[in-house]
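Each chain is listed here by its residues.
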Amino acid sequence: MNRGVFYGILAYLLWGMIPIYFKLIQTTPALQILGHRIVWSFVLLIGILTLRHEWRNFRLAAFHKKTFLVYTAAALLLAVNWGTYVWAVNAGYIVESSLGYFINPLVNVLLGVVFLRERLRPIQWAPIGLAALGVAYMTISYGQLPWIALVLAFSFGLYGLVKKVASLNSLHGLTLETAILFIPALLFLLFAEQQGNGSMGHTTLLINLLLMGTAIVTVLPLLLFGAAVRSIPLSLIGLLQYVAPTCQFLIGVLIYHEPFTHERLIGFSMIWTALIFLWAEGMIARRRVKLLAA
């Protein structure tokens, strides 16, 4: 197997298995898990930069007004995404969370049209319309929007949109994002400790280690993804990205026995069909361009 393909599969499998990790620390409030994820990720990233002798280059590249503003927006969107996901997993909404990441590629297409003035081929509107119908069907059948899925899809989609105009590589970018969030996260954890609600040091050794380990489950898949994207085609990355929500969906249904009703099956099937259609149409269009250029 190509090394880049292996790294890509491993990255998405790790992202796909992350609900199991957060379930292990569900006795800790979601906001505290978010705080620990930010704090320990920042510590780990600073360590990586130091070991790679990139600390000076990072400081020179990161601390410009425009760069800082762009990454502040990215950091806030990341915090919303991470916080929503942790809460949803531990509140028993893994299946709905997976829906958010199935919808995300379609949201990316829509955001490209709205903000980047990208033009869609007429046929590409069909999967977007079908996905919208799937969301509408689930809204009507359940009497409420699948808001968790939509928050995750749009927060991550907007995060990707902001990163399109960002100047740093993925490692430096995540370091700056966690640096921006570090002080608020640390102050929140100290406040929780002062109020007698802190988890670190007041539970088992395993929970303490797992809270610190949120840095590894955050940074390791990103580094693997960065290595993969440099050596395999983006079309293959686009296909591999469905590994993570598929794993999350199966974990929710098969391991944690979350309900997957007939209504959900219909709504999910409409969105899965839309994704298959979008991917297939894109593959055909790319091949047509290659043939014309040959």
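This structure is a prediction, so every number in the text was calculated from the model and none was measured.

Trainee: Looking at this structure, how should I read the pattern of salt bridges?
Mentor: For side chains of opposite charge, pairing can occur when their charged atoms come near one another. Throughout the structure, instances matching the rule amount to two salt bridges. The residue Glu-54 makes a salt bridge to Arg-52 at a minimum N-O spacing of 2.9 Å. Using a relative accessible area of 16% as the deciding quantity, one classes Glu-54 as buried. Measuring nitrogen to oxygen at the nearest pair gives 2.8 Å for the salt bridge that ties Glu-177 to Lys-163. Taken together, the residues Glu-177 in helix α8 (residues 170-194) and Lys-163 in helix α7 (residues 147-164) connect sequence positions 14 residues apart.

Trainee: Teacher, can you tell me more about the environment of Met-270 here?
Mentor: Tracing the backbone through its elements, the reader meets Met-270 in helix α12 (residues 262-293). Along the backbone, Met-270 and Leu-130 are 140 residues apart, and their C-alpha atoms lie at a distance of 6.3 Å. For Met-270, the contacting residues outside a window of four places in its chain are Leu-130, Leu-133, Gly-134 and Tyr-137.

Trainee: Sorry if this is basic, but what is going on with helix α11 (residues 243-255) here?
Mentor: Owing to its 3.6 residues per turn, the α-helix brings residues three or four apart onto one side. Look at α11: 17 Å from first C-alpha to last across 13 residues, which is about the 18 Å you get at 1.5 Å a residue. Remark: His-257 follows α11 within two positions and exhibits a positive phi of approximately 55°.

Basis of the calculations
Residues numbered from 1 in each chain as written. Predicted model: local features only at pLDDT ≥ 70, side-chain atom pairs only at ≥ 80, totals over all residues. Heavy atoms only, no water. Salt bridge = Lys/Arg side-chain N within 4 Å of Asp/Glu carboxyl O. Buried < 20%, exposed > 50% of the residue type's maximum accessible area, 1.4 Å probe, protein only. Helix = DSSP H or I, 4+ residues; strand = E, 2+ residues; numbered from the N terminus. Contact = heavy atoms within 4.5 Å. Expected span 1.5 Å × (residues − 1).

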